[in-house]
Amino acid sequence: MNKSTVVILGGGIGGIVTANKLAKLLPLHYEITLIEKNEFHYFAASFLWQMVNKRKQNQVTSSLRKLIDGRVKILFEEVKQIDAENKLITTEKNQLHFEYLVIALGATVDQSPFSQNHRDVHNYYTVEGAENLRNALQKFRGGKISLIVSSLPYKCPGAPYEGAMLIKDFYIQRQLEKNVSVDIYTPENLPLPVAGPELGNSVKEILDAKGIGFYPLQQTTSINYNEKKIAFASGLSVDYDLLVLIPQHKAPEVISKSALADESGWVPVDKGTLETKYKNVFALGDVTSITIPGRWAPDKPLKLPKAGVFAHAQALVVSEIIASRISGIETNASFCGDGFCMLEAGEDLAGFAYGDFFASPHPDVKMKNAGIKWHLGKVLFEKWWLSPIGFTKSFYKMMIEAGAKTLGIPIKL
Ligand SMILES: Cc1cc2nc3c(=O)[nH]c(=O)nc-3n(C[C@H](O)[C@H](O)[C@H](O)COP(=O)(O)OP(=O)(O)OC[C@H]3O[C@@H](n4cnc5c(N)ncnc54)[C@H](O)[C@@H]3O)c2cc1C
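Everything quoted here is computed from the prediction, not taken from an experiment.

Thresholds applied
Residues numbered from 1 in each chain as written. Predicted model: local features only at pLDDT ≥ 70, side-chain atom pairs only at ≥ 80, totals over all residues. Heavy atoms only, no water. Core = buried A, V, L, I, M, F, W, Y, C linked by side-chain atoms within 4.5 Å. Buried < 20%, exposed > 50% of the residue type's maximum accessible area, 1.4 Å probe, protein only. Contact = heavy atoms within 4.5 Å. Pairing = 2+ DSSP bridges. Helix = DSSP H or I, 4+ residues; strand = E, 2+ residues; numbered from the N terminus. Axes fitted to C-alpha atoms, helices over the stretch in contact; angles between N-to-C directions. Salt bridge = Lys/Arg side-chain N within 4 Å of Asp/Glu carboxyl O. Parallel < 35°, antiparallel > 145°, perpendicular 65-115°, else oblique. Left-handed = near helix turned anticlockwise from the far one by under 90°. Nonpolar A, V, L, I, M, F, W, Y, C, P; charged D, E, K, R; others polar.

Explain the nonpolar core to me, using residue names and the numbers behind them.
Grouped together as the largest cluster of nonpolar side chains are 131 residues, with contacts concentrated most on M51, I82, I89, I103, Y124 and L137. Those residues in contact with M51 that sit more than four places away from it in its chain are Y124, A130, L133, R134, L137, G163, L166 and I167. Counting residues in hydrophobic clusters, the runner-up holds 12 residues, among them V121, I230, Y240 and L245.

If you want it as structure tokens, here you go:
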């Protein structure tokens with residue numbers, strides 16, 4: 001059995017930030033090990049540009065090793081079991097002991113129950129999905145594009161809406177917009193209900209202005225692939241020529257079958273420290289379940305959205321807490337609930353949204369009207385993220401501060 005001190009599970013957004021931050025904070029004799037099944041890191045936010053032919057696959061991909069501080073040991077293995085009680089991790093090749101554990105295994109995109117192995121059914125939630133959709137959009141000459149949110153929760157509350165706007169823009173650029181309609185069907189009551197009604201209504205106005213149909217409270221029940229028809233629980237039935245599906249998301253099996261998960265399969269954590277019910281075992285990012293103030297329907301409490309911005313901020317907090325416990329020097333690091341997003345609206349424009357997701361009675365997120373500056377900000381963010389220079393806080397902080405200044409609101413991040 002190998003011995004290890006801090007073990008990080010998952011080398012996505014949360015795992016990368018945790019590894020690099022701990023590498024800076026911990027004395028050199030502390031061993032940091034990251035376990036990730038994939039040697040490549042894909043920057044998911046750029047799948048949206050990949051699908052509309054603004055990025056090639058290699059432009060949204062990096063070797064994971066290049067993004068992680070050299071002192072961090074990486075095991076490219078699949079985590080098979082987490083025994084938080086006995087502080088043991090089992091992979092297909094190894095067993096590791098840990099003193100501190102950070103679980104950043106994300107959410108699994110599940111192709112069922114609405115199988116996507118059909119010619120006219122696509123998604124942009126994986127790098128392969130975005131590539132296939134790009135080919136399909138280029139060949140598509142006219143008809144009805146339906147985008148459905150198949151179930152909740154899903155990653156990035158803005159992504160379905162950004163996707164619809166970018167697809168619409170793709171045909172405007174090619175002067176084919178008169179031949180193509182784009183409609184969104186979602187079980188949600190408003191766009192991004194997790195961000196509060198102000199932002200939801202702002203996004204709805206943009207969709208209306210772009211002629212994108214928005215059909216709320218529509219839970220998909222079945223899809224007839226031969227007849228190209230979608231049925232919803234409301235009784236509504238609609239046709240499509242090309243179907244874009246936001247797939248079902250699940251907690252990775254190694255999590256849902258572990259004692260860390262609640263009945264939903266996700267991991268409940270303390271919302272400030274991100275600690276699980278086991279001491280020195282932390283979980284962050286998409287794999288967690290954090291209830292926030294507010295409801296989007298009478299029986300539907302809001303959960304903190306699954307987004308990289310939260311995984312990132314939580315990773316910094318967890319790293320500070322682990323370093324403080326190791327050094328014995330107290331910290332007041334705590335995840336504050338603030339989040340932001342550069343919402344792509346097509347035509348190389350984006351809006352900047354920032355707000356407090358822990359605000360009561362519901363999250364309070366404001367958005368500045370779309371402009372080219374925030375689109376360029378998002379492009380810069382992508383370049384910064386995929387650069388092997390290392391994750392200095394300065395660019396990140398500078399960008400958030402500039403955004404919050406234009407909104408005239410104080411920031412806590
Ligand atoms: C199209 C799209 C657009 C998006 N846009 C934005 C955006 O603009 N802003 C934003 O904030 N967020 C955005 N997101 C969401 C963001 O990508 C995720 O919320 C973020 O990646 C979550 O980070 P994480 O570390 O929790 O999980 P991930 O980044 O998903 O990392 C989890 C890692 O764990 C690994 N893993 C899983 N199971 C195992 C196992 N058993 N063994 C070993 N390794 C394993 C996976 O391979 C993966 O690398 C977008 C997502 C999509 C799909």
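That covers the picture; the talk isn't over yet.
So what's going on with the sheet that holds strand β18 (residues 237–239)? Which residues, and what values?
With antiparallel pairing, three strands are arranged side by side in an open sheet as β16-β17-β18. Both edges of this open sheet fall to β16 (220–224) and β18, since each of them pairs with a single strand only. Sheet twist, expressed as the average angle between the axes of neighbouring strands with direction ignored, equals 20 degrees. Bridge count between strand β17 (residues 229–232) and β18: three bridges; the pairing is antiparallel. Across the sheet, the residue bridging to I230 is V238, located in β18.

Can you tell me about the sheet that holds strand β22 (residues 281–283), naming the residues and giving the values?
Here we have five strands laid out as an open sheet, ordered β6-β3-β2-β10-β22, and parallel in their pairing. Looking along the sheet, the strands with just one partner apiece sit at the ends: β6 (73–75) and β22. Recorded for the sheet is a direction-independent mean angle of 20 degrees between the axes of neighbouring strands. For strand β2 (residues 6–9) and strand β10 (residues 100–103), the ladder comprises four bridges, and the chain directions are parallel. Bridging from a neighbouring strand, L9 pairs with I103 of β10. Against the sheet, helix α1 (residues 13–25) engages β2, β3 (32–35) and β10, with an angle of about 160 degrees to β2. Helix-sheet contacts for helix α8 (residues 308–327) involve β2, β10 and β22, and the interaxial angle to β10 is about 175 degrees.

Go over the pattern of salt bridges with me, naming the residues and quoting the values.
Applying the stated rule across the entire model yields 16 salt bridges. Between E78 and K80 there is a salt bridge, and its shortest N-O distance comes to 4.0 Å. Taking relative accessible area as the criterion, E78 reaches 34% and is therefore assigned partly exposed. Judged by relative accessible area, which is 40%, K80 ranks as partly exposed. Taking the shortest distance from any N to any O, the salt bridge between K366 and D364 comes out at 3.1 Å. The partly exposed category is assigned to D364, whose relative accessible area is 38%. Linked by salt bridges that have partners in common, R55, E382 and K383 make up one network.

Explain the packing of α1 against α8 to me, using residue names and the numbers behind them.
Packed helix pairs are specified by the crossing angle of their axes together with the interaxial distance, meaning the distance between the axes. Viewed as axis vectors pointing N to C, α1 and α8 meet at an angle of 30 degrees, and their least axial separation amounts to 8 Å. With respect to their mutual orientation, α1 and α8 come out roughly parallel. In the crossing of α1 with α8, the sense of the turn from one axis to the other is right-handed. Side by side, α1 and α8 meet where I13, G14, V17, T18, K21, L22 and L25 of the first sit next to G308, A311, H312, A315, L316, S319, E320, I322 and A323 of the second. In terms of residue class, the contact of α1 with α8 is built from nine nonpolar, five polar and two charged.

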